[in-house]
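# Geometric and topological summary
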Amino acid sequence: AVLRGDACNYGYGHSEETYKKWREYTKEERLKHDMQLGGKPAGGAIYVGAGTNVQDGCIITAREDHAKLGEGVTVGHMAQIHSATVESNSLI
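Quick look at the structure, then. (Residues numbered from 1 in each chain as written. Predicted model: local features only at pLDDT ≥ 70, side-chain atom pairs only at ≥ 80, totals over all residues. Heavy atoms only, no water.)

### A word on the overall build of the protein chain
- On a plain count of helices and strands, the protein chain comes out with two helices and eight strands.
- With the model as given, the accessible surface of the protein chain reaches about 5,900 Å², and the carbon-plus-sulfur share is 51%. (Helix = DSSP H or I, 4+ residues; strand = E, 2+ residues; numbered from the N terminus. Areas by Shrake-Rupley, 256 points an atom, 1.4 Å probe, with all protein chains shown as cover.)

Laid out in structure tokens, this is it:
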């Protein structure tokens with residue numbers, strides 16, 4: 001599987017408090033914040049819930065917004081998810 005956070009401006013090295021605040025931003029708030037830092041818009045993050053199964057060949061990206069996979073999700077072989085929210089106990 002490929003999990004692609006693209007040009008995420010919030011990689012390793014920030015406090016948990018900073019991550020929590022960033023996760024709660026809307027798409028528009030993240031864009032504004034990234035531009036104030038002098039960077040380019042960075043999209044979102046990829047969140048994978050407990051017990052989730054991402055099978056071979058899957059592509060998950062967060063270019064436009066967060067990609068969120070709930071708990072107990074199965075993402076079947078070769079599936080693609082782009083900046084989407086998948087509720088818990090779903091089959092893709």
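### Topic: unusual backbone geometry
- Of note in this structure, Ser83 is not a glycine but carries a positive phi near 50°.
- By the element assignment, Ser83 lies in the loop between strand S7 (80-82) and strand S8 (85-86).
- We note that Asn89 has phi near 60°; this positive angle belongs to a residue other than glycine.
- Structurally, Asn89 is set in the segment after S8.

### Overview of helix H2 (residues 27-36)
- Residues of H2 that are buried include every one of Arg30, His33 and Asp34, and no others. One face of H2 carries all of its buried residues, which in axial projection span an arc of 100°. Away from its buried face, by an angle of more than 90 degrees, H2 presents the exposed residues Glu28, Lys32 and Gln36.
- In this structure, the buried side of H2 is in contact with helix H1 (16-24). (Buried < 20%, exposed > 50% of the residue type's maximum accessible area, 1.4 Å probe, protein only. Arc of directions from axis to C-beta. Contact = heavy atoms within 4.5 Å.)

### Observations regarding the side chain of Thr61
- Considering the arrangement of structural elements, one finds Thr61 in strand S4 (residues 59-61).
- Separated by 2.8 Å, the side chains of Thr61 and His82 make a polar contact. (Polar contact = N/O pair within 3.5 Å; in protein donor to acceptor, adjacent residues only side chain to side chain.)

### A closer look at the sheet that holds strand S2 (residues 46-48)
- Reading across from one edge, S2-S5-S8 is the order of the three strands in this open sheet, with parallel pairing throughout. Either end of the sheet is taken by a strand with one partner, and the two such strands are S2 and S8.
- For strand S5 (residues 67-69) and S8, the ladder comprises two bridges, and the chain directions are parallel. From the neighbouring strand, Lys68 faces S8, where its bridge partner is Thr85. (Pairing = 2+ DSSP bridges.)

### Considering the environment of Arg23
- Along the chain, Arg23 turns up in helix H1.
- On the basis of relative accessibility, which here comes to 33%, the residue Arg23 falls in the partly exposed class.
- Sequence spacing of Arg23 and Ala45 is 22 residues, and the spatial spacing of their C-alpha atoms is 7.9 Å.
- When residues no more than four places from it in sequence are discounted, the contact partners of Arg23 are Glu16, Tyr47 and His66.

Nothing here speaks to function; it is all geometry.
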